[in-house]
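Residues per chain are reported as follows:
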Amino acid sequence: MRTLYLEPFSGVSGNMLLGALFDLGLDFSRFKQELAKLNLSGYQLSLEKTTQSAIAGSLFQVELNGLYAGQRVDEGVQHHHGRNLAEITKIIQDSNLKTIIKKSSLKVFNEIAQAEAKVHAKTLSEIHFHEVGAIDSIVDIVGFFIGIDLMKVERIISGTLVDGSGTIEAAHGTMPVPVPAVMQMRLNSEVPFRQRLDVATELVTPTGFAIVKQTAAQYGALPTELLPEKVGYGFGTRTTGHLNALRAQLLTSKPSQKETLAQSDQVIELHANIDDQSGEQLGFVLENLIEVGVYDAYFTPVFMKKNRPAYQLTVIFKPAMLDQVCELVLQQTSSFGVRWHQLQRQLMQRSFTKVMTKFGKVSLKIGQKGQFKKVAVEYDEAARIARKNGLSVAEVMQQALQVYDKKINEVK
């Protein structure tokens, strides 16, 4: 699973999010081709490779044409009223973009619209959005979902959002920081948030907050078992007196995708008996264990004292994760204790390759021990291709193995 991890140590905005994606490798030309499907005019895009605090990154900006040329959202009263929610919805729904991009974008717009309506004591049909209705915000929000689709990002994790303090001049006049729309969206949300008193300006924009709130699957520090692929920086346009950037990482959450030459290692096998939780709750525990990167986790039906039916949880992971796994199990299950022991594990040397099938590229995992070899198709990729093409996973896997066998025989 390809994961995007956001580090908003200096806030988050739409252009910072896109700048970070471009710095991670999002193709600018392909992005513009997809964005053109909006059939929206009155703007041009700029992407600059630059540095802040001697750190290289990307600065993405939307520049307006015509009547509003040279103006930006953060220029306050000079900015135009833009569009209302109904107009924005029509633009997106009438476009040729993928359905998932349309749905995701509209969720963000509705999130901000509800907040703006509450702040201004108006109905959704009455208000016009200075920020949301502006062309650059439409590009930022829709563009973000185009970007993660092109990069095949499947999950987003975010650290704590850091905002500034004081006041800013906006289209409605002087506003406190965090701005009212952000404060409204924070109500009843799980988004972690804190302020810096040494930064007297806005760092978290309504667009940035809404995107994170609607897309982040979880919040907190970077899970130790995620494997980094790339690191990128998206710069903001405000002068804050500090590094104004959003750092982002592309990661894979599959330890099994890591190549290894080791022939043996040690693992921890942990157990806990659980007899008073629902199947839904236990399923949630299992999902979280897999997400943090354990090697395996499963439940086995057992009978406890007084012939009570229960489940035994088994988790297998590397020794360095012991404290993390114990804490997760004790926190998310009804168990009052866990037990574990250390095991020696023998391994096959592991490597990876890709083959091009008639359905698309598929990854294969190859295990080798002496003259003995195993070849396995990566399930997640096969499942994604199967869903896309209306096939069974078995068909995709069989095709991938046939292509691999043919490739190996040709080499011989």
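Q: Can you explain the side chain of S363? Please cite residues and give values.
A: Residue placement: S363 occurs in strand β17 (residues 360-369). Since its relative accessible area comes to 10%, S363 is described here as buried. Reaching out from S363, the side chain makes a polar contact with the side chain of E381 at a distance of 2.8 Å. Those residues within four positions of S363 in sequence are excluded, and the remaining contacts are T353, K354, A376, V377, E378 and E381.

Q: So what's going on with the pairing of β17? Which residues, and what values?
A: The sheet contact formed by strand β16 (residues 349-357) and β17 spans nine bridges and is antiparallel. Residue pairing for β17: T353 is matched across the bridge by L364. In sequence, β16 turns back onto β17 through a hairpin of two residues. Where β17 and strand β18 (residues 372-377) come together, six bridges link them in antiparallel fashion.

Q: Give me the sheet that holds strand β13 (residues 296-303): which residues, what numbers.
A: Strands sit in the order β13-β14-β12-β15 across an open sheet of four strands; the sheet is antiparallel. Only two strands of the sheet have a single partner each, and these edge strands are β13 and β15 (339-346). For this sheet, the mean angle separating the axes of adjacent strands, direction not counted, is 25°. Here strand β12 (residues 264-274) runs beside strand β14 (residues 309-317); their pairing, made up of seven bridges, is antiparallel. When the bridges of β14 are listed, N273 appears paired with Q312. Each of β12, β13 and β14 touches helix α8 (residues 279-292); the most contacted strand, β13, lies at about 150° to it.

Q: Can you tell me about the sheet that holds β18, naming the residues and giving the values?
A: The antiparallel open sheet is built from three strands, whose spatial order is β16-β17-β18. Of all the strands in the sheet, just β16 and β18 have a single pairing partner and so form its edges. When the angles between neighbouring strand axes are averaged without regard to direction, this sheet yields 25°. Contacts from helix α10 (residues 379-389) reach β16, β17 and β18, with the element oriented near 155° to β17.

Q: Report on the nonpolar core, specifying residues and quantitative values.
A: Core analysis: the biggest nonpolar cluster contains 65 residues, and L4, F31, L38, Y43, V139, V142 and F144 have the highest contact counts within it. With ten residues, the top contributor of residues to this core is helix α5 (residues 135-150). Here V139 is in contact with L18, L35, L40, Y43, L45, F60, V62 and F144, once residues within four sequence places are set aside. Of all hydrophobic cores here, the second largest spans 20 residues; its members include L282, A297, F317 and L322.

What counts and how
Residues numbered from 1 in each chain as written. Predicted model: local features only at pLDDT ≥ 70, side-chain atom pairs only at ≥ 80, totals over all residues. Heavy atoms only, no water. Helix = DSSP H or I, 4+ residues; strand = E, 2+ residues; numbered from the N terminus. Buried < 20%, exposed > 50% of the residue type's maximum accessible area, 1.4 Å probe, protein only. Polar contact = N/O pair within 3.5 Å; in protein donor to acceptor, adjacent residues only side chain to side chain. Contact = heavy atoms within 4.5 Å. Pairing = 2+ DSSP bridges. Axes fitted to C-alpha atoms, helices over the stretch in contact; angles between N-to-C directions. Core = buried A, V, L, I, M, F, W, Y, C linked by side-chain atoms within 4.5 Å.

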